[in-house]
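# Results of the structural survey
As a plain string of letters, each chain reads:
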Amino acid sequence: MKVDVLLGLQWGDEGKGKIVDVLTPKYDVISRFQGGPNAGHTLEFNGIKHVLHLIPSGIFHDTAKNIIGNGVVVDPAILMEEISVLDKMGVDVKSRLLLSKKAHLILPTHKLLDAAREEAKGKSKIGSTLKGIGPTYTDKIGRDGIRIGDIFCDNFSDKYQALKAKHIQLLNFYNFTKIEQLAELEDKWLNSIEKLKQFECVDSEYYINNKISENKKILAEGAQGSLLDVDFGSYPFVTSSNTICAGACTGLGIAPSKIGKVFGIFKAYCTRVGSGPFPTELLDEVGEKLRKNGNEFGSTTGRPRRCGWLDLPSLKYSIMINGVTDLIMTKADVLSDFANIPVCTSYKCNGIETNEIPFDIDCDITPVFTNLKGWNEDLTSVKDLSKLPAELMDYVKFIEEYVNVPVTIISVGPDRTQTLIRTEL
Ligand code: GDP
Ligand code: IMO
Ligand code: MG
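How each quantity is defined
- Residues numbered from 1 in each chain as written.
- Chains lettered and ligands numbered in written order.
- Predicted model: local features only at pLDDT ≥ 70, side-chain atom pairs only at ≥ 80, totals over all residues.
- Heavy atoms only, no water.
- Helix = DSSP H or I, 4+ residues; strand = E, 2+ residues; numbered from the N terminus.
- Rg over C-alpha atoms; globule rule 2.2 N^0.38 Å.
- Contact = heavy atoms within 4.5 Å.
- Areas by Shrake-Rupley, 256 points an atom, 1.4 Å probe, with all protein chains shown as cover.
- Lys, Arg positive; Asp, Glu negative; His and termini not counted.
- Charge placed at Lys NZ, Arg CZ, Asp CG, Glu CD.
- Near = heavy atom within 4 Å.
- Nonpolar A, V, L, I, M, F, W, Y, C, P; charged D, E, K, R; others polar.
- Donors = N, O, S within 2.8 Å, 3.2 Å for Na, K, Ca; no water.
- Polar contact = N/O pair within 3.5 Å; in protein donor to acceptor, adjacent residues only side chain to side chain.
- Expected span 1.5 Å × (residues − 1).
- Buried < 20%, exposed > 50% of the residue type's maximum accessible area, 1.4 Å probe, protein only.
- Salt bridge = Lys/Arg side-chain N within 4 Å of Asp/Glu carboxyl O.

### Notes on the overall build of the protein
A count of helical and extended segments in the protein gives 12 helices and 19 strands. What you see for the protein is a C-alpha radius of gyration of 21 Å, in line with the 22 Å of a compact globule of 425 residues. Oriented by its inertia axes, the alpha-carbon framework of the protein measures out at about 65 × 50 × 40 Å. Partitioning the intrachain contacts of the protein with sequence separation of at least 6 by distance along the chain shows that 76% fall at a separation of at least 24. When the accessible surface of the protein is split by element, carbon and sulfur atoms take 51% of a total near 17800 Å². Charge centroids of the protein, computed over 50 positive and 55 negative side chains, lie 2 Å from each other.

Written as structure tokens, this is what we have:
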């Protein structure tokens, strides 16, 4: 049995949480492989909306195990808050969740460092969610990090104090003044570490590979999006992990030959939170309308998302990097209100037309659009593929022909039930 991967092809918030929840009944294990509480994965059913940050989006089904893999960075305080909300709803998280001992811990001082580094960047700040992601991965790669497995060791406190001391020196270097928050953050954090000890912490690479041998079905759930990948995104305006399919191998301990389907998810248009290039961004009332119709406000920070038309050269790039086998298009319903829908098919970069994303993120990119006809029809209650408007199917066909990968799911609303599956998966 192989591991399927579902990941975002744009700048995040493509609807990963919703679709993972829809697909979970087909899987035995759902696992996160990178990122941390910078993610905000929303899913809706029975009229209730849930936002998950660290816990995989399969948690609402009692049929699947959910794993936080070694590639994830974990803030125990946020994890415990998330668990407590789920517990109150009657979700038995303890029996459904496993954590990798090799996942790195986000310390309170990592969060402060995130803020200090952003402040120091001034106008060129990344627009980080300030959850401590960058500083934690920096320590991981710099071989100074602390892992979940360390909390069970006698020298945990020494390790913690040593890393904290290094961070305080760095905070002083940045002249960071808001250090008084630390005592309160630390209290909560240490408390959460104690609670974390009651959860099942495992060598998840063995767990997952054993499941593969037992022919169990595994789905790896990406966080962020391919255009935020630390190698292939618009560096430096990226997150600090490999969000692409290869990240599932390093973030779970599975061999590349064990990857099965790669589900690439994209919105029918584009959004981005934080700074960085966005060629098709609409800074006018059309962008405002997309934001309003799509309720485009960050699930983690509440920030308004920047909005723009679908960008096919970047979609094709993400498909190439990830080896996407199946596309999933979400938020088709949000475009129902537009008579004409422009789609970017190439860029003019410093006056030269190209289909490729340029290395230089400061170069002057003008999108070249093809206008497609809108459908002007509410989609949110459509339950049958054959009832979808012809113009929408032309929109889908246009995308498929451009990127040469089929769209297998079309999502027409935030609820579980608002999902149309074209090909039996
Ligand atoms: P994720 O980070 O990829 O899981 O996506 P987010 O949860 O951050 O953002 C996606 C938002 O769109 C959430 O508010 C979802 O409830 C919502 N959503 C997902 N699919 C659809 C859809 O097809 N139509 C509409 N209108 N909303 C959707
Ligand atoms: P999900 O999983 C959208 C963005 C931030 C910022 C940049 C770096 O919900 O799709 P970081 O906190 O990692 O230092 O921020 O990446 N970002 C996201 N944007 N969705 C996310 O996650 C994101 N996680 C990080 O806005 O621009
Ligand atoms: Mg999100």
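### A closer look at the site of ligand 1
Near ligand 1 there are 20 residues, and of these Lys-16, Gly-40, Thr-42, Asp-333 and Ser-411 occur at the shortest range. Those elements that provide at least two residues to the shell around ligand 1 are helix H1 (16–23) and strand S3 (41–45). When its residues are assigned to classes, the shell around ligand 1 shows three nonpolar, nine polar and eight charged.

### Regarding the coordination of the magnesium ion (ligand 3)
Looking at the magnesium ion (ligand 3), one finds its protein donor set to be Asp-13 (OD) and Gly-40 (O), positioned 2.1 to 2.2 Å from the metal centre. Of this pair, Asp-13 sits in the loop between strand S1 (3–8) and H1 while Gly-40 sits in the loop between strand S2 (29–32) and S3, and the two are 27 residues apart along the sequence.

### Concerning the site of ligand 2
Lys-16, His-41, Thr-129, Gln-224 and Thr-239 are the nearest of the 20 residues found near ligand 2. Note that an oxygen atom of ligand 2 is positioned 2.8 Å from one of the backbone N or O atoms of Asp-13. Within the side chain of His-41, one N or O atom sits 2.7 Å away from an oxygen atom of ligand 2. With the chains in place, 97% of the 550 Å² that ligand 2 exposes on its own is no longer accessible. Classifying every residue of the shell around ligand 2 gives seven nonpolar, 10 polar and three charged.

### Topic: the environment of Leu-112
Checked against the element boundaries, Leu-112 lands in helix H4 (residues 108–121). Once the C-alpha coordinates of Leu-112 and Lys-88 are considered, the two residues, 24 residues apart in sequence, prove to be 30 Å apart. Ignoring anything within four residues of it in the chain, the contact list for Leu-112 reads Leu-171, Phe-176, Ile-179, Gln-181, Leu-182 and Leu-185.

### Considering helix H2 (residues 76–88)
Over its 13 residues, H2 extends 18 Å from the first C-alpha to the last, a length consistent with the 18 Å expected when each residue adds 1.5 Å. The set of residues buried in H2 consists of Pro-76, Ala-77, Ile-78, Leu-79, Met-80, Glu-82, Ile-83 and Leu-86. Where H2 begins, the side chain of Asp-75 points an oxygen toward the backbone nitrogen of Ala-77, at a separation of 2.9 Å. Positive backbone phi, at 90°, marks Gly-90, one or two positions downstream of H2.

### Let's talk about the pattern of salt bridges
Considering all chains together, one arrives at 26 salt bridges under this definition. Of the charged contacts, one joins Asp-75 and Lys-111 as a salt bridge, the two residues approaching to 3.3 Å between their closest N and O atoms. Pair noted here: Asp-75 is in the loop between strand S6 (73–74) and H2 and Lys-111 is in helix H4, with a separation of 36 residues, a long-range link. Note on Asp-75: relative accessible area 1%, which makes it buried. When the shortest N-O distance is used, the salt bridge between Glu-281 and Arg-306 registers 2.9 Å. Here Glu-281, found in the loop between strand S12 (270–272) and helix H10 (285–293), pairs with Arg-306, found in strand S13 (residues 306–308); they are 25 residues apart in sequence, far enough to count as distant. In the salt-bridge network here, residues are joined through shared partners; they are Asp-13, Lys-267, Glu-296, Arg-305 and Lys-331.

### Side note on the side chain of Ser-204
Here Ser-204 shows up in helix H8 (residues 204–213). With relative accessibility at 0%, the residue Ser-204 sits in the buried group. Discounting residues that sit within four places of it in the chain, Ser-204 has contacts with Ile-67, Gly-69, Asn-70, Ser-100 and Leu-252.

In short, shape yes, function no, at least from these values alone.
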